[in-house]
Amino acid sequence: VAVGKWFTPGIGLRTKFEGIWADKVVTRDDHETYNYFNVHEDVMFNLSNIFFGYNEKRVWNFIPYVGLGFARNMTNNSNEISYQAGLLNTFRITNCIGAFIDVYATAWEGSLDKAAGDPWSNYKKDRSRHWDKMLSAAVGLTFNLGNEQGTARCSAARTQG
């Protein structure tokens, strides 16, 4: 679940909650599921609007982002700061509804999953082996609530349609 606000056509912020379960992998045969959540704030850059100007009827927007947040492993009661980077692709369906494909990576220090026998959690922090990493994708719908003017356009579209 995410809630966001565009402050300019090119720059926005969003708060995103994600989680439920993940699978920690220590070796090829050693897998264990744990419950977690990650709440983070992302700074988004709509490159379509930055380079080609704002167009409310544009069908596709390309939006890279970076974020910082709080992750909690609820199974083993551990907390970490989380770091996010991703590419959000939005697709306009109507004035009020859009679709999105979000591909992103999350990283936190090597102790969040509490994997037994994990030799990397004490490894040098400037090396990638120290960090737990997760590559994810999300697909869904966006509902534009907007300001009064945007809401009026959505209402008018529903009554005419």
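Everything numeric here is computed off the predicted structure, so don't read it as measured data.

Student: Give me the lowdown on the overall build of the chain, citing residues and values where you can.
Tutor: Along the backbone of the chain there are 2 helices and 7 strands. In sequence order, the secondary structure elements of the chain are arranged as β-β-β-α-β-β-β-β-α. Burial analysis of the chain (161 residues in total) assigns 33% to the buried set. In the chain, once contacts between residues fewer than 6 apart in sequence are set aside, the share between residues at least 24 apart is 53%. Just so you have it, the chain exposes about 10,400 Å², and 60% of that area is on carbon and sulfur atoms.

Student: Outline the confidence of the model for the chain, supporting the account with residue identities and numerical values.
Tutor: Chain-level pLDDT for the chain is 81 on average; 70% of the residues reach the 70-or-more range. By mean pLDDT, the top-scoring element of the chain is helix 1 (residues 47–52) (97), and the lowest-scoring one is helix 2 (residues 148–160) (49). Below pLDDT 50 for its whole length, residues 156–161 participates in 0 contacts with residues either more than four positions away or in separate chains.

Student: Could you give an account of the packing of aromatic side chains, with specific residues and numbers?
Tutor: Taken as a whole and judged by the stated rule, the model has 4 aromatic pairs. Ring geometry for Phe17 and Phe37: centres 5.9 Å apart, planes at 25 degrees, overall stacked. Separated by 20 residues along the polypeptide, Phe17 in strand 2 (residues 11–27) and Phe37 in strand 3 (residues 30–45) bring together distant segments of the chain. Residue Phe37 is classed as buried on the basis of its relative accessible area of 19%. Where Trp60 meets Phe62, the ring centres are 6.0 Å apart and the plane angle is 55 degrees; that geometry is what we call tilted. Look at Phe62 and you get partly exposed, because its relative accessible area is 27%.

Conventions used here
Residues numbered from 1 in each chain as written. Predicted model: local features only at pLDDT ≥ 70, side-chain atom pairs only at ≥ 80, totals over all residues. Heavy atoms only, no water. Helix = DSSP H or I, 4+ residues; strand = E, 2+ residues; numbered from the N terminus. Buried < 20%, exposed > 50% of the residue type's maximum accessible area, 1.4 Å probe, protein only. Contact = heavy atoms within 4.5 Å. Areas by Shrake-Rupley, 256 points an atom, 1.4 Å probe, with all protein chains shown as cover. pLDDT = per-residue confidence, 0-100. Phe/Tyr/Trp six-rings, centres within 6.5 Å; stacked < 30°, edge-to-face > 60°.

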